[in-house]
Amino acid sequence: MKNSYMYPKFLIQAILILSLLLSYTLFAQTRTIDGQTINQTVSWSGEIRITADVVVAPSGILIIEQGTKIVFEAHTDNKKSGEDPTRCELIVKGVLLAKGTANNKIVFTSSAQSPRMGDWYGIQIASSRQGSEIEYAIVEYAYDGITIKKSNPQITNSQIRYNYNSGLTIEIKANPKLIANVISENGYAGIVCRLNANPFLSENMIALNQIGIIVFGKSRPNLGSLEKGADYNIGQNTIINLSLIHISEPTRP
């Protein structure tokens, strides 16, 4: 018996073409970067898989679109470069603009099915150029989540967690602004300040790290101001840890 109703041929063709286009779009959103030096303005979106160090050169600008997932190959660096030749890094000598939203965060994470602290090395911001921003992002399972050297980025509304050594290491006269972040469950310290680092911290939650904040030498983190002025800081940081200051450091895994 013949069917009482048949779809028009043109409708079936349109459905097939649409399915192919959707499949191509989903496939095109995932790409692997086996090491790269960025010398101009580049945008990332979708899912990016990193298998060797990515360097944003002093002339480069890396823009990461909201909802992007950057996956670092665990315990791998195919170029064997950077601070750790056995782990991937994102090294920023230019400008990084990673601005997600509350409902569409940017994620920096490990490729492992069962990720562990120290799977990749972390984000390093060491730029003489100003303007780097990280907003509504998650940074997890690195050795040091974010290391800031001689640079003044702004990091807001982000989660920095499950990193082996520190959530943030701030050093060499760096003066970043850290506002309304959750820095939690890092293996050693939430924040390490050393070599004359002077970060501005306001309304952050620093919790469940082995140590909350470590301050070395002449570093002076601004945790809040008593008097209003040019450097006024509302403070209101919440620190929930066993101790706030310590001077020893762990060995690398």
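Conventions adopted
Residues numbered from 1 in each chain as written. Predicted model: local features only at pLDDT ≥ 70, side-chain atom pairs only at ≥ 80, totals over all residues. Heavy atoms only, no water. Pairing = 2+ DSSP bridges. Helix = DSSP H or I, 4+ residues; strand = E, 2+ residues; numbered from the N terminus. Axes fitted to C-alpha atoms, helices over the stretch in contact; angles between N-to-C directions. Salt bridge = Lys/Arg side-chain N within 4 Å of Asp/Glu carboxyl O. Buried < 20%, exposed > 50% of the residue type's maximum accessible area, 1.4 Å probe, protein only. pLDDT = per-residue confidence, 0-100. Contact = heavy atoms within 4.5 Å. Polar contact = N/O pair within 3.5 Å; in protein donor to acceptor, adjacent residues only side chain to side chain. Core = buried A, V, L, I, M, F, W, Y, C linked by side-chain atoms within 4.5 Å.

If you walk across this open sheet you meet the seven strands as β2-β4-β7-β10-β13-β16-β19, and the pairing is parallel. Two strands in the sheet have a free side with no partner beyond their single neighbour: β2 (41-44) and β19 (200-202). Along the sheet, successive strands turn relative to each other by an average axial angle of 10°, direction set aside. The sheet contact formed by strand β13 (residues 154-156) and strand β16 (residues 177-179) spans three bridges and is parallel. The residue bridging Q154 from the neighbouring strand is K177, located in β16.

Applying the stated criterion across every chain yields a total of seven salt bridges. Of the charged contacts, one joins E73 and R49 as a salt bridge, the two residues approaching to 2.9 Å between their closest N and O atoms. Here the residue E73 occupies a position in the loop between β5 (69-72) and β6 (89-92), and R49 occupies one in strand β3 (residues 47-56), the gap between them amounting to 24 residues. Classification of R49 as partly exposed rests on a relative accessible area of 28%. Notably, a salt bridge pairs R161 with E140, separated by 2.9 Å at the nearest N-O pair.

Looking at the protein chain, the pLDDT average stands at 88 and 83% of residues meet or exceed 70. Between residues 1-5, whose pLDDT stays under 50, and residues either more than four places distant or in other chains, the model counts zero contacts. Confidence drops under a pLDDT of 50 for residues 20-28, and excluding neighbours within four residues, the segment shows zero contacts in the predicted structure.

Below, the discussion takes up unusual backbone geometry. Where the residue is not glycine, phi is negative for most of them; where a peptide bond is considered, it is trans in most cases. Unusually for a residue other than glycine, K150 sits at a positive phi of about 45°. Looking at where K150 falls in the secondary structure, it is placed in the loop between β12 (144-149) and β13. Despite not being glycine, N157 shows a phi value in the positive range, around 50°. N157 sits in the partly exposed class, given a relative accessible area of 27%.

Moving on: the side chain of S132. With respect to the secondary-structure elements, S132 resides in the loop between β9 (122-125) and β10 (133-135). Reaching out from S132, the side chain makes a polar contact with the backbone nitrogen of L96 at a distance of 3.0 Å. Once you skip the residues sitting within four places of it in the chain, S132 turns out to touch V92, G94, V95, L96, I125, P153 and Q154.

Counting 42 residues, the largest nonpolar core has W44, F108, I146, L168 and I191 as its most contacted members. Ranked by the residues each element gives to this core, the list is headed by β3, at four residues. Among residues more than four places away in sequence, those in contact with I146 are I123, I125, I134, V139, I155, I160, G167, L168 and T169. In this structure, Y188, V192, I211 and I214 belong to the second largest nonpolar core, which totals six residues.

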